[in-house]
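Chain by chain, the residues:
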Amino acid sequence: MGGVKVADLERLARAVIEGEAATVKQLVEQALSEGLAADTILQEGLLKGLGVVGEKFGKQEMFLPEVMMSAKAMQAGLELLRPHLEAGQSGAGLRGKVVLGTVEGDIHDIGKNLVAMMLTANGFQVIDLGVNVKPEDFVLACQEHQPQFVGMSALLNTTMPAMARTITALEAAGLRNGGLQVMVGGAPVTPEFASRIGADIYADDALEAVRLLRKAVGW
């Protein structure tokens, strides 16, 4: 990989950090036209930029609206890369499959949308069920798509019990026996609550959700 391509990847990472979707698309297209492997573009450009975003967010040097812009810029680049990654042209494929939704009675979706975008950007296939998702709809989606993970979000204390009802429904359908892991999160959700209802993974923000699912698939 020549020096120009290294510089281009650095520019790509910087464009992700700055949330410049048009620049990200231009640089990804350029890198692909130069024959750079899609996985290299993903790892050394897009994900490197997103890693910096994560660090800055953790230090409160970036805030949610800026993170959302970075995630959207990342998504713009990923859409161009996905056909190459899924075709195995660079030895890479989907890292895992996640069914995601905000639980019944809750219509908040900013955090869930950020998790969906960032998981997608990190190579996961996300089936986003939206908001106000009933337990039976989580069950049906898991039966149809056979994911490794189901992620639930709740932003209200009053809707947190829907997480427990959903886990009960998943267990009643025999889905937990197949290795399906449940991840929960949202402002009022605590590690203690997650443990009490039988969730496998608790994430306190989108970046932690990505980190934990990457760890769970050994990446």
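This is a predicted model, so every value here is computed, not measured.

Peer 1: Whenever I open this one, the overall build of the protein chain confuses me. Can you help?
Peer 2: Summing up its helical and strand segments, the protein chain has nine helices and five strands in all. Secondary structure of the protein chain in N-to-C order comes out as α-α-α-α-β-α-β-α-β-α-β-α-β-α. Against the globule reference of 17 Å for 219 residues, the protein chain gives a C-alpha radius of gyration of 18 Å, in line with a compact fold. Judged by the C-alpha coordinates and their principal axes, the protein chain covers about 55 × 35 × 25 Å. Looking at the protein chain residue by residue over its 219 residues, the buried ones come to 46%.

Peer 1: Could you clarify how one ought to interpret the side chain of T120 in this entry?
Peer 2: The residue T120 is located in helix α5 (residues 110–121) in this model. Look past the residues within four positions of T120 in its chain and what remains in contact with it is Q75, L78, R82 and V126.

Peer 1: Would you explain the nonpolar core in this entry?
Peer 2: For soluble globular proteins, nonpolar side chains are generally found buried alongside one another. Counting 45 residues, the largest nonpolar core has L46 and M118 as its most contacted members. Contributions of two or more residues to this core are made by α1 (3–17), α2 (21–33), α3 (38–58), α4 (64–86), β1 (96–102), α5 and α9 (206–216). With eight residues, the top contributor of residues to this core is α4. Sequence-distant contacts of M118, defined by excluding residues within four places in its chain, comprise L50, V67, A71, A206, L207 and V210. Counting 25 residues, the second largest nonpolar core, distinct from the first, contains M163, L175, V184 and A199.

Peer 1: Mind showing me how you'd approach the pattern of salt bridges here?
Peer 2: Opposite charge on two side chains allows them to pair when their charged atoms are near. Here the structure, examined in full by the defined rule, presents eight salt bridges. Ionic pairing is found between R165 and E104, a salt bridge with its closest N-O pair at 3.9 Å. Taken together, the residues R165 in helix α7 (residues 161–172) and E104 in the loop between β1 and α5 connect sequence positions 61 residues apart. Across the pair D200 and R176 runs a salt bridge whose closest N-O atoms are separated by 2.9 Å. With D200 in the loop between α8 (191–197) and β5 (201–202) and R176 in the loop between α7 and β4 (181–185), this pair connects stretches of sequence that are 24 residues apart. For D200, a relative accessible area of 41% puts it in the partly exposed group. In this structure, a network of salt bridges that share partners links the residues E171, R176 and D200.

Peer 1: In this structure, what is going on with the sheet that holds strand β3 (residues 149–153)? I would like to understand it.
Peer 2: Within a beta sheet, neighbouring strands are joined by backbone hydrogen bonds and run either parallel or antiparallel to one another. Pairing in this open sheet of five strands is parallel, and the strands run β2-β1-β3-β4-β5 from one edge to the other. The two strands at the open ends of the sheet, each matched to only one other strand, are β2 (124–128) and β5. Alignment of β3 against β4, held across five bridges, turns out to be parallel. Counterpart to F149 in the pairing with β4 is Q181. Packing against the sheet, helix α6 (residues 135–145) makes contact with β1, β2 and β3, and its axis sits at approximately 165° to β1.

Peer 1: What is the right way to read the pairing of β1 from this model?
Peer 2: Along any regular strand, the residues point their side chains to alternate faces of the sheet. Of all seven residues that make up β1, six are buried, and the element is covered over most of its length. Summarising the sheet, β1 and β2 pair through five bridges and their orientation is parallel. Its bridge partner lying in β2, K97 is registered against Q125. Each parallel crossover has a hand, and for β1 linked through α5 to β2 it is right-handed.

Peer 1: Is there a simple way to explain the environment of T166 in this structure?
Peer 2: Considering the arrangement of structural elements, one finds T166 in helix α7. C-alpha separation for the pair T166 and L46, spaced 120 residues apart in sequence, amounts to 34 Å. With near-sequence residues (within four places) excluded, T166 lies in contact with P135, F138 and M152. Within the local environment of T166, its side chain forms a polar contact with the backbone oxygen of A162, the two atoms lying 2.8 Å apart.

Peer 1: Explain α2 to me, please; I cannot follow it from the model alone.
Peer 2: For the α-helix, the turn length of 3.6 residues means that residues three or four positions removed from each other point alike. Compared with the 18 Å implied by 1.5 Å per residue over 13 residues, the 18 Å span of α2 between its first and last C-alpha is a close match. Looking only at α2, the buried set comprises V24, L27, V28 and A31. All buried residues of α2 lie within an arc of 100° about the axis, which places them on one face of the element. Exposed positions of α2 whose direction lies more than 90 degrees from the buried face are A22 and S33. Taken from the residues just after α2, G35 is the one with a positive phi, measuring 85°.

About the cut-offs
Residues numbered from 1 in each chain as written. Predicted model: local features only at pLDDT ≥ 70, side-chain atom pairs only at ≥ 80, totals over all residues. Heavy atoms only, no water. Helix = DSSP H or I, 4+ residues; strand = E, 2+ residues; numbered from the N terminus. Rg over C-alpha atoms; globule rule 2.2 N^0.38 Å. Buried < 20%, exposed > 50% of the residue type's maximum accessible area, 1.4 Å probe, protein only. Contact = heavy atoms within 4.5 Å. Core = buried A, V, L, I, M, F, W, Y, C linked by side-chain atoms within 4.5 Å. Salt bridge = Lys/Arg side-chain N within 4 Å of Asp/Glu carboxyl O. Pairing = 2+ DSSP bridges. Axes fitted to C-alpha atoms, helices over the stretch in contact; angles between N-to-C directions. Right-handed = clockwise from strand over helix to strand, strands pointing away. Polar contact = N/O pair within 3.5 Å; in protein donor to acceptor, adjacent residues only side chain to side chain. Expected span 1.5 Å × (residues − 1). Arc of directions from axis to C-beta.

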